[in-house]
Amino acid sequence: MAPQLSWIGLGNMGRGMCVNLVEKGKLDKPLIIFNRTTKRAEDFSAKLGAGKSEVASSIGDAVKSSDIIFICLGDDKAVNETIDTALKEDVKGKLFVDCSTVHPETSNALAKTIGAKGAEFVAMPVFGAPAMAEAGSLICVLAGPGSSINKVKPYTTGVIGRANIDYSDQEPGQATLLKIIGNTFVINMVESLGEGHTLAERSGLGSENLHKWIETMFPGPYTAYSSRMMAGDYYKRDEPLFGVDLARKDAGHALDLAKKSGGVKLGALEIADKHLVEVKKHLGAKGDLPSIYGAVRKESGLKFENKD
Ligand SMILES: NC(=O)c1ccc[n+]([C@@H]2O[C@H](COP(=O)([O-])OP(=O)(O)OC[C@H]3O[C@@H](n4cnc5c(N)ncnc54)[C@H](OP(=O)(O)O)[C@@H]3O)[C@@H](O)[C@H]2O)c1
């Protein structure tokens, strides 16, 4: 019999991962889902189709009926509060898997509090945008006891992910440490693209000409973010794909880790974070990671928006 799974957190990433779990996860019972905003869970459950999922009325209900509980929430505070609530139940023998991007110290502290209740914990942050979550092509980073990781792997490669980075028997915080360092690459990539497109426009090369080179030289995420910048998608969408608050959380964790690691200097990230502050001022919660382009444009004497 397959374990009963539940999923807490149906944001941009959680929804995509759940679609793949119910389609390819060989579940023999409906996936139990819970979201702080219940309507989101109900709408999503209807979209998944009859018999694929059941909406839990509380975190406790989701946890009580499950063997493996996946969590994918915005930030450390949300994860800590959710786990505190979950641990009010009898969780002995259950496995918690946190897919959120949190500070490594948070992951290691969770492992202790969850372990003290007789349950298991694996940190499994993921790399990839929401479209990759929907396509089941994320990169899953797993850290924690090898025996616990083995219980999670049937739901990773070929289900929600295209590859695993397996840190079996290492502290859970190693997975989130990689995730935070990895996201500095993503944020700095977007900063470079924003600066490059701004210079291309002001110097007379033109964005289209720059984009032809990006497509040839850097297919993949560079090209995807470049396309979104050129289309004005960085300020036009109602809901961000990589919200400004999430991006600033990740940058903040990286800067904190740098400070605590002998005073490493992350100058490029500091500049990108300054642009994210401007993004939040200009677009509020609609601000997205690629909106950094608008902030660089503004700083360079252009309009934040690149279309009329
Ligand atoms: N977006 C990306 O490109 C990306 C890629 C890889 C990893 N991640 C990471 O994956 C996690 C989820 O990202 P996302 O893009 O799915 O975020 P999102 O779309 O903003 O969704 C956030 C989720 O967390 C819930 N939440 C937020 N604060 C909460 C609180 N205080 N208590 C309970 N629930 C709370 C939200 O519930 P409501 O629906 O009620 O608001 C929602 O389910 C984050 O840690 C993010 O850094 C994101």
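Rules behind the numbers
- Residues numbered from 1 in each chain as written.
- Predicted model: local features only at pLDDT ≥ 70, side-chain atom pairs only at ≥ 80, totals over all residues.
- Heavy atoms only, no water.
- UniProt positions renumbered as here; feature names shortened; annotations may be inferred.
- Buried < 20%, exposed > 50% of the residue type's maximum accessible area, 1.4 Å probe, protein only.
- Helix = DSSP H or I, 4+ residues; strand = E, 2+ residues; numbered from the N terminus.
- Pairing = 2+ DSSP bridges.
- Phe/Tyr/Trp six-rings, centres within 6.5 Å; stacked < 30°, edge-to-face > 60°.
- Lys NZ or Arg CZ within 6 Å of the ring centre and 35° of its normal.
- Axes fitted to C-alpha atoms, helices over the stretch in contact; angles between N-to-C directions.
- Parallel < 35°, antiparallel > 145°, perpendicular 65-115°, else oblique.
- Contact = heavy atoms within 4.5 Å.
- Nonpolar A, V, L, I, M, F, W, Y, C, P; charged D, E, K, R; others polar.
- Disulfide = S-S within 2.5 Å.
- Near = heavy atom within 4 Å.
- Polar contact = N/O pair within 3.5 Å; in protein donor to acceptor, adjacent residues only side chain to side chain.
- Areas by Shrake-Rupley, 256 points an atom, 1.4 Å probe, with all protein chains shown as cover.
- Domains from an automatic or database assignment.
- 1 Å grid on protein atoms, 1.4 Å probe; cavity = no way out; pocket = protein on both sides within 12 Å on 5 of 7 lines; lining within 4 Å.
- Points joined across faces, edges and corners; volume = space filled by probe spheres on them.

With an unreviewed UniProt entry as reference, the chain is termed 6-phosphogluconate dehydrogenase NADP-binding domain-containing protein, source organism Lepidopterella palustris CBS 459.81. The chain has a UniProt comment under Sequence similarities (unreviewed entry) that states "Belongs to the HIBADH-related family. NP60 subfamily."

### Here's the deal with the pairing of strand 2 (residues 31-34)
Side chains L31 and I33 project from strand 2 onto one buried face, and the interleaved I32 and F34 project onto a second face that is buried too. Direction of pairing for strand 1 (residues 5-8) relative to strand 2: parallel, over a ladder of three bridges. Its bridge partner being in strand 2, W7 is matched across the sheet by I33. Relative to strand 3 (residues 53-55), strand 2 runs parallel, the two sharing three bridges.

### Some thoughts on the UniProt feature "domain: 6-phosphogluconate dehydrogenase NADP-binding" (unreviewed entry) in the chain
Per the UniProt record, "domain: 6-phosphogluconate dehydrogenase NADP-binding" (unreviewed entry) is annotated on residues 5-154. Its end C-alpha atoms 12 Å apart, residues 5-154 is made of 45% helix and 21% strand.

### Re helix 14 (residues 292-299)
Summarising burial for helix 14: six of the eight residues are buried, a large majority. Of the positions making up helix 14, those classed as buried are I292, Y293, G294, A295, V296 and R297. Note on helix 14: the residue one or two positions beyond its end, G301, has a positive phi of about 85°.

### A few points about the packing of aromatic side chains
One pass over the full model with this rule turns up seven aromatic pairs. For the pair W7 and F70, a centre-to-centre distance of 5.1 Å together with 10° between the ring planes defines the contact as stacked. One end of the pair, W7, is in strand 1; the other, F70, is in strand 4 (residues 68-71), and 63 residues separate them in sequence. With respect to class, W7 is no different from F70; both count as buried. One aromatic cluster is present, built from ring pairs that chain together Y234, Y235, Y293 and F304. The aromatic ring of F127 is capped on one face by K179, whose charged end is 4.3 Å from the ring centroid.

### With respect to the packing of helix 13 (residues 267-283) against helix 14
Across the interface, helix 13 lies against helix 14 with an axial gap of 8 Å and an inter-helix angle of 95°. As the angle between them shows, helix 13 and helix 14 are arranged roughly perpendicular. Counting all contacts with helix 13, which are made through A272, K274, H275, L276, E278, V279 and H282, the residues of helix 14 involved are I292, A295, V296, K298 and E299. Looking at side-chain class alone, the contact of helix 13 with helix 14 contains six nonpolar, two polar and four charged residues.

### Describing the state of the cysteines
Scanning all chains against the criterion turns up zero disulfides. Cysteine C18 shares no disulfide, and the gap to the nearest cysteine sulfur, in C72, comes to 8.8 Å. There is no disulfide at C99, and the cysteine sulfur nearest it, in C72, is 5.6 Å away. Of the residues examined, C99 reaches a relative accessible area of 3% and is grouped as buried.

### Here we look at the site of the ligand
The ligand sits among 24 residues. The nearest are N35, T37, R40, L241 and K249. Separating an oxygen atom of the ligand from a side-chain N or O atom of R40 is a distance of 2.6 Å. Within the backbone of L73, one N or O atom sits 2.9 Å away from an oxygen atom of the ligand. In isolation the ligand has 900 Å² of accessible area, and contact with the protein removes 85% of it. For the shell around the ligand, the secondary-structure elements that each account for two or more residues are helix 1 (12-24) and helix 12 (244-260). Its residues assigned to classes, the shell around the ligand shows eleven nonpolar, nine polar and four charged. Two domains each donate at least three residues to the shell around the ligand, and these are domain 1 (5-170) and domain 2 (177-299).

### Quick look at empty space enclosed by the protein
Scanning the model with the defined rule gives one cavity of 30 Å³ or more in all. In this structure, the largest cavity occupies an estimated 30 Å³ of space. Classifying every residue of the lining of the largest cavity by side-chain character gives six nonpolar, one polar and two charged.

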